[in-house]
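Working through the structure, step by step
Chain by chain, the residues:
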Amino acid sequence: MENFSKTIIITGASRGIGKAMAKEFAFNGYNVLMNYNHSCNEAKMLFDYLKERGCSVELFRADVSIKSEVEAMIEHCIKVFNKIDILINNAGIAQTKLFTDITEEEWDNMININLKGVYHCTQSVLKYMLAEKYGKIINISSVWGIVGASCEVHYSASKAAVIGFTKALAKELGPSNIQVNCIAPGMIDTDMMASYSGHEIESLKNDTPLQKLGKPIDIANCALFLSSDASNFITGQVISPNGGFVI
Ligand code: NAP
């Protein structure tokens, strides 16, 4: 239980990968601040479920694309848990659309949540991490940020930017003993896959050497490793749990 008293903020913890991470970290003894935006019922159910099982969890609604809401969330975390050791920038949206049909509003929305949200949350936690000279920041990108997806240009661009963000910030923060790493998942079975047809899912499985979609827990396990002392010499890296989809 090396991390018993460590505090972690997970953005987008109401559903999918973020929810699996919240459960995994809470059951492993972390203090978990779970962020959500629209899915109030799902978030409250998860909160109650974890509280009833004796976990140290807190819930906070904030849209990561809005700086003032993010700042209020970080202040709340400090008020409740007194510190922030780990941040997981997981909140994100996806959209499948021909590039020529993407409106400026859709482009801005994608970048504001998937990239600017990472900037807001990271900058807001850093004043506390820098004072402690300790911190671990984990950004959730995607395999599409590495290889690009047709009809997901804005999504792929936002996720590629998160990789660049990770590498640059890792260099800047290394001397302050703050690690910045990235997880770039392959196809994971969550609501985000809902826009894919059954046929498309089958074909994605066939293109994956392990012949299956990943589960949210696969990403949570990776995040747990990157948050633990076992990862203390790893920074600026992109780890891609993808079943061999991208090698
Ligand atoms: P998901 O099931 O659709 O869940 C998305 C989560 O992000 C929800 O909890 C949602 O909260 C939150 N969110 C969205 N916009 C937000 C905002 N503006 N402010 C705060 N929270 C916001 O998606 P997922 O599959 O778990 O994806 C999680 C992350 O993994 C994303 O960054 C995604 O790009 C990445 N990823 C997923 C896959 C995959 O195959 N599933 C693959 C590669 C990468 P509310 O519902 O409360 O608004």
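A short tour of the structure in this document, coming up. (Residues numbered from 1 in each chain as written. Predicted model: local features only at pLDDT ≥ 70, side-chain atom pairs only at ≥ 80, totals over all residues. Heavy atoms only, no water.)

1. Observations concerning the environment of Thr190
On the secondary structure map, Thr190 appears in the loop between strand E6 (178-183) and helix H7 (198-206). Spatially, the C-alpha atom of Thr190 lies 27 Å from that of Cys77, the residues being 113 residues apart in sequence. Leave out the neighbours within four places in its chain, and Thr190 touches Gly16, Ile17 and Pro216. (Helix = DSSP H or I, 4+ residues; strand = E, 2+ residues; numbered from the N terminus. Contact = heavy atoms within 4.5 Å.)

2. Observations regarding the side chain of Ser231
Checked against the element boundaries, Ser231 lands in the loop between helix H8 (216-227) and strand E7 (238-239). Engagement of the side chain of Ser231 in a polar contact is seen with the backbone oxygen of Ser228, the distance being 3.0 Å. Not counting residues within four places of it along the chain, the set of residues in contact with Ser231 comprises Lys136, Gln179, Phe225 and Leu226. (Polar contact = N/O pair within 3.5 Å; in protein donor to acceptor, adjacent residues only side chain to side chain.)

3. Here's the deal with a nonpolar patch on the surface
The grouping of Phe99, Trp107 and Val153 at the surface amounts to a nonpolar patch, some 270 Å² of accessible area in total. Along the chain, Phe99 falls in the loop between strand E4 (86-89) and helix H4 (104-132). (Patch = residues over 30% accessible without salt bridge, like charges linked within 9 Å, V, L, I, M, F, W, Y side chains within 5 Å. Areas by Shrake-Rupley, 256 points an atom, 1.4 Å probe, with all protein chains shown as cover. Salt bridge = Lys/Arg side-chain N within 4 Å of Asp/Glu carboxyl O.)

4. Focus: the site of the ligand
The immediate surroundings of the ligand are formed by 32 residues, with Ser14, Ser39, Asn90, Tyr155 and Thr190 found nearest. A distance of 2.9 Å separates an oxygen atom of the ligand from a polar side-chain atom of Arg15. Here an oxygen atom of the ligand and a backbone polar atom of Gly92 are 3.5 Å apart. In isolation the ligand offers 880 Å² of accessible surface; the protein chains occlude 96% of this area. (Near = heavy atom within 4 Å.)

5. Some points on helix H6 (residues 153-173)
Residues spaced three or four apart along an α-helix face the same direction, because each turn holds 3.6 residues. With 21 residues, H6 should cover 30 Å at 1.5 Å per step; its first-to-last C-alpha distance of 30 Å lies within 8% of that length. Those residues of H6 that sit buried are His154, Tyr155, Ser156, Ser158, Lys159, Val162, Ile163, Phe165, Thr166, Leu169, Ala170 and Leu173. Next to the buried residues of H6 lie H4, strand E5 (135-140), helix H5 (144-147), E6 and E7. (Expected span 1.5 Å × (residues − 1). Buried < 20%, exposed > 50% of the residue type's maximum accessible area, 1.4 Å probe, protein only.)

6. Some thoughts on the sheet that holds E5
With parallel pairing, seven strands are arranged side by side in an open sheet as E3-E2-E1-E4-E5-E6-E7. At either margin of the open sheet sits one strand with a lone partner, and together these are strand E3 (57-61) and E7. Pairing of E5 with E6 involves six bridges; the strand directions are parallel. Paired with Ile137 across the bridge in E6 is Val180. Contacts between helix H1 (residues 16-27) and the sheet are confined to strand E1 (7-10), strand E2 (31-36), E3 and E4, with E1 contributing the most and set at about 170 degrees to the helix. (Pairing = 2+ DSSP bridges. Axes fitted to C-alpha atoms, helices over the stretch in contact; angles between N-to-C directions.)

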